[in-house]
Amino acid sequence: MGEVRVGVIGVGGHGRGRHLIPLTRTPGARVVAVCDTNPATLESVCREFHVAGYMDFKEMIEREGLEAVSIATPSGLHHRIAVECLRRGVHALVDKPLGASLQEVAEVVRAAKQANKVLMVGFWSRFSPALRYGVELYESGTLGEPYYAYGYLVRRRGIPGKPTFIDKELSGGKGVLLDIGCYMLDNILALTGFRRPVSACGAVYTKFGKDPEEIKFNWGWWDPARFELEDFAAGFVRFDNGMTLTIETAWAANVSHRGEVGRLRVLGEKGGIEAEGHEALQEIGFYSRTKSFLTDTKPLLPNADLSFEMTKAFIRSIQEGTEPPVTGWQSVILHAIMDAIYESASAGREVRINLPEI
Ligand SMILES: NC(=O)c1ccc[n+]([C@@H]2O[C@H](COP(=O)([O-])OP(=O)(O)OC[C@H]3O[C@@H](n4cnc5c(N)ncnc54)[C@H](O)[C@@H]3O)[C@@H](O)[C@H]2O)c1
């Protein structure tokens, strides 16, 4: 099997660290070029990795004869760039979130289907051994039918004060739910089989970003007078099998823990899962019973390089012509839920969820 010629689009913090570096070590991949609109970033990455550099990803695809791209630009640009790449017949690994709305995500998934190319969403969190253990509990039937899930991903202070996350166009015009709430929702959906959501109720708040005093406690800098994104979101979701889910997520909240904490609980008819970590889960337990005893099960988890597992899975799907482990359809479900939480928050009532045809 020949090597897949890959280019990385957006080589800032995340693109360099979690896309480019693991791709350079991925069997079957050959990174030949990178693209970034910031000339200083582009120059330093090209020098460090000895690859060609472009300011325009379309030119890079054409001139380098790329078969695949890895996209880690700001979230508000993912949809447009992914659609253009797929239409040029190139496989795409797109960092989370796949788009800024359900409509955008559906367009990317349709573009991949029409081009018959691999589209994988860059949830490196999916390769966490803790999560994989939980998925095995679900898929083997050990958990039983899940009926309730709770997810929490909260920073005491962690508003990411740089344009990628704060600028309306670059961020996609949405705050913490789109930025990190998507990880916790994705983790829970993976543990419960990506059931069809039917309705959601939600609330969002902007309580810290408008306060100039808060800048010193958070990350980077922003203009409080122009801050419009939610820094806290909560949602309650119903699924077609009767399962319900509660989510809480915050860039900033007056909670007791330092830093960012992720927690989830999934209750199934035969047992329950509790897990902790950050965006990716790090610890997990399974709580059940035998005939006469209540049982606690803790797996011995191996270490894993999650970004490397992600890029390996992407290249393997291309080479073997198989569906990637993190699919576009899964993001359709995820974004249908997030859009419904935002819509409910603005309408002040529960809203129905209708999944689009792809
Ligand atoms: N999965 C994670 O844990 C995680 C963590 C951080 C960021 N991210 C995601 O990664 C993405 C990038 O975040 P980041 O922290 O690296 O931001 P960043 O600002 O450090 O990097 C973004 C890069 O994209 C470049 N860029 C902007 N527009 C471009 C275009 N049209 N073409 C090519 N390059 C362009 C910028 O110049 C910059 O170098 C975001 O979607 C973010 O949500 C994910």
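Residues numbered from 1 in each chain as written. Predicted model: local features only at pLDDT ≥ 70, side-chain atom pairs only at ≥ 80, totals over all residues. Heavy atoms only, no water.

J.: Go over the domain arrangement of the protein, please, and point to the residues and values.
T.: The assigned domain composition of the protein is domain 1 (4–124 + 308–327) and domain 2 (126–303 + 335–352). On a C-alpha basis, the centroid separation for the pair domain 1 and domain 2 is 25 Å. Across the contact, 20 residues belong to domain 1 and 19 residues belong to domain 2. Buried surface at the junction of domain 1 and domain 2, summed over both partners, amounts to about 1,700 Å²; 65% is from carbon and sulfur atoms. Its largest share of buried area at the contact with domain 2, domain 1 owes to Lys-96, Phe-123 and Trp-124, together 35% of the area lost on that side. For the pair domain 1 and domain 2, the number of links is one salt bridge. Across the pair Asp-179 and Lys-96 runs a salt bridge whose closest N-O atoms are separated by 3.3 Å. At the boundary of domain 1 with domain 2, the tally comes to 10 residue pairs in polar contact (both at pLDDT 80 or more). In terms of residue count, the dominant contributor to the side of domain 1 that touches domain 2 is helix α10 (residues 306–320) (three residues). Split by residue class, the side of domain 1 that touches domain 2 holds 14 nonpolar, four polar and two charged. (Domains from an automatic or database assignment. Contact = heavy atoms within 4.5 Å. Buried area = accessible area lost by both parts, 1.4 Å probe. Salt bridge = Lys/Arg side-chain N within 4 Å of Asp/Glu carboxyl O. Polar contact = N/O pair within 3.5 Å; in protein donor to acceptor, adjacent residues only side chain to side chain. Helix = DSSP H or I, 4+ residues; strand = E, 2+ residues; numbered from the N terminus. Nonpolar A, V, L, I, M, F, W, Y, C, P; charged D, E, K, R; others polar.)

J.: Break down the side chain of Asp-95 for me, with residues and values.
T.: Inspection of the secondary structure puts Asp-95 in strand β5 (residues 91–95). Among buried Asp, Glu, Lys and Arg side chains, Asp-95 stands out as unpaired, with Lys-96 the closest opposite charge at 5.0 Å. (Buried < 20%, exposed > 50% of the residue type's maximum accessible area, 1.4 Å probe, protein only. Lys, Arg positive; Asp, Glu negative; His and termini not counted.)

J.: Please set out the sheet that holds strand β9 (residues 197–205) residue by residue, giving values where relevant.
T.: Taken together, nine strands build an open sheet; the order of strands is β16-β15-β14-β13-β7-β12-β11-β9-β17 and the sheet is mixed. The outermost strands of the open sheet, each flanked by one partner alone, are β16 (294–297) and β17 (351–352). With six bridges joining them, strand β14 (residues 272–277) and strand β15 (residues 281–289) adopt antiparallel strand pairing. Across the sheet, the residue bridging to Glu-276 is Glu-283, located in β15. Contacts from helix α9 (residues 176–191) reach β7 (146–155), β11 (232–239), β12 (244–250), β13 (260–268), β14 and β15 within the one sheet, and its direction differs from that of β12 by about 150 degrees. Against the sheet, helix α11 (residues 328–347) engages β9, β11, β12 and β17, with an angle of about 50 degrees to β9. (Pairing = 2+ DSSP bridges. Axes fitted to C-alpha atoms, helices over the stretch in contact; angles between N-to-C directions.)

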